[in-house]
Amino acid sequence: MFTSLRSRLLLTYTIVIGVALCVVAAVALVYFARNPAQTVQARQRLKSAADAIEQRAESLKDLSEPGLETAVARLDETFDLRVLLYQRDGELIIDSRQETEPALQLRPTQRLIRLASVITSVDDAEGDEWLHLAQSLSSEYWFVLATPRPNVSILVALRSRADDIARPLQQGGLVALFVSLILAVLMARWVAGPLQRIAQAARSVASGDYRPLKPEGPDEVKSLARTFNEMAEQVHTSQQSQRDFIANVSHELRTPLTSIQGFAQAILDGTAQSPDELSSAADVIYNEAGRMHRLVLDLLDLARLDAGTVEFVRAPVDISAMLESVVAKLTPQATQAEVALTARVDSLPGVIGDGDRLAQVFTNLVDNAIKHTPAGGDVRVVAQLVDGGIEISVIDTGEGIPPEDLGRIFERFYQVDKSRPGGRRRGAGLGLAIANEIILAHGGGLSAKSRPGQGSVFVVKLPLALPDDTTLAERRRM
Ligand code: ADP
């Protein structure tokens, strides 16, 4: 009972409508019970009597006290009003109903003057309410005209006027209730409908349907729908990239495995017999196994970087010395490829970071540069201080990277041209992705510029000092 949003909204609306109708009915009843029609009549009588006194003021003024008494009694009779005559100092001289009614609780003089010609109410000695009006007669006298305030109890009013009050009230209330209930049903549907659609879309996402939801309904629901769409898109993208990742890994593993299997088979069934054939088969098996080994190590590395479980050392790193050692390490490879490898490193302040991981990044960048630069080309490593950070560029005069590939080379498994020769150390397109993760973990950035046919520049920016002492892996996750 009332567990769904729609039924709760409906219940709430019904209660609100019911309460509003009750309040309106109560106000209407009180209004009719106070009987304004009779009050209006009483007020009119008071005004007419006051006018009559004003018109006859001249003749009344000259009357003696007994004469005034007669005039008061006549006014009472004519207008059916209680007529009182006060002296200016507030003393009551005549009260036409002194004998029959309790005394009025009128404060003399000031109040009379203040209330002249304004109808207000006053209590008598027994607490009954009177409407009254003061009218000046002369500099000596004041008339006060009073009549009991018409007041009938609610029940009496209803009973006496059931036809013209209670019934229309009842019928109007029923119509209002009916119309507002229909509106309440529509409103409940209007609010709850879009939410139901979102619930339906969530079920569709669970079953693999990622179609975006049209944002409809109230603003809050629209914003929920938009957030839901973003979430669904992220889930979709992440599922897609998981699928791609698995497809890439299987593909990268299948190629060397097929080679290994083929050459092992050749050795086993005697197809490869001569020492040369045997040695080249063993060479292929060795290289492909090495490739698989590197691939698995890279994958493990990426998985740990993603999970944030890599323990980065936080220690001062001498960037100049590190770059020089990377260059020295790769010089034989460059010499073999007939590429001139040089380093121009300013004297630089140290950075805080993981020296081995940073060396891994620069080894990868310089190694790539050598691999992609034809014989006779140059690879230069330039490090300098810029804007409070250190900028290290690895510049080559190699084949370059086409503009359409440049934006994607940091993606996992992305290779510009899989058929490009890579020699023994041909990679799987994970090197730059790992390098990027490591640089990000150091609070820096890695970017690339290239002109096909002229060369490429890979730029690493590193901040000079980390602002806080949190571990690098934690910084990355934040
Ligand atoms: P791999 O291990 O296959 O080299 P990387 O992630 O290191 O993968 O590089 C991604 C792609 O970027 C490679 O396919 C390579 O062709 C291209 N690349 C990287 N460095 C250079 C460079 N200096 N010049 C031209 N192409 C490059």
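The text that follows walks through the structure, step by step, so that each part is easy to find.

The rules we used
Residues numbered from 1 in each chain as written. Predicted model: local features only at pLDDT ≥ 70, side-chain atom pairs only at ≥ 80, totals over all residues. Heavy atoms only, no water. Helix = DSSP H or I, 4+ residues; strand = E, 2+ residues; numbered from the N terminus. Expected span 1.5 Å × (residues − 1). Buried < 20%, exposed > 50% of the residue type's maximum accessible area, 1.4 Å probe, protein only. Polar contact = N/O pair within 3.5 Å; in protein donor to acceptor, adjacent residues only side chain to side chain. Pairing = 2+ DSSP bridges. Axes fitted to C-alpha atoms, helices over the stretch in contact; angles between N-to-C directions. Contact = heavy atoms within 4.5 Å. Near = heavy atom within 4 Å. Nonpolar A, V, L, I, M, F, W, Y, C, P; charged D, E, K, R; others polar.

**Some points on helix α11 (residues 355–371)**
Here α11 is 17 residues long and its end C-alpha atoms lie 24 Å apart, about the 24 Å a rise of 1.5 Å per residue gives. With 13 of 17 residues buried, α11 is to be regarded as a mostly interior element. For α11, the side-chain oxygen to backbone nitrogen distance between the N-cap and Asp-356 is 3.3 Å, and the N-cap itself is Asp-354.

**Some points on the sheet that holds strand β10 (residues 389–396)**
Here we have 5 strands laid out as an open sheet, ordered β7-β9-β10-β12-β11, and mixed in their pairing. Both edges of this open sheet fall to β7 (340–345) and β11 (445–451), since each of them pairs with a single strand only. Pairwise comparison of adjacent strand axes, ignoring direction, gives a mean angle of 15° for this sheet. By the bridge criterion, 7 bridges tie β10 to strand β12 (residues 455–463) in an arrangement that is antiparallel. In the strand pairing of β12, Val-394 is matched with Phe-458. With respect to the sheet, helix α10 (residues 319–336) is in contact with β7, β9 (378–386), β10 and β12, its orientation differing from that of β7 by roughly 175°. Each of β11 and β12 is contacted by helix α13 (residues 431–441), which is oriented at about 135° to β11, the strand it contacts most.

**Describing unusual backbone geometry**
Across residues other than glycine, the phi torsion is negative in most instances, and most of the peptide bonds are trans. With a phi close to 50°, Asp-80 is a non-glycine residue in the positive phi region. Overall, the relative accessible area of 48% leaves Asp-80 in the partly exposed class. Even without being glycine, Glu-338 reaches a positive phi, approximately 55°. On the secondary structure map, Glu-338 appears in the loop between α10 and β7.

**Some remarks on the site of the ligand**
Taken together, 21 residues are adjacent to the ligand, and Asn-368, Asp-396, Gln-415, Val-416 and Leu-432 come closest. Interatomic distance of 2.8 Å between a backbone N/O atom of Leu-432 and an oxygen atom of the ligand. At the level of secondary structure, the elements contributing two or more residues to the shell around the ligand comprise α11, α13 and β12. Here the shell around the ligand takes 4 residues from α11, the largest share from any one element. Its residues assigned to classes, the shell around the ligand shows 9 nonpolar, 9 polar and 3 charged.

From the geometry alone we can't say anything about function, so treat these as descriptive.
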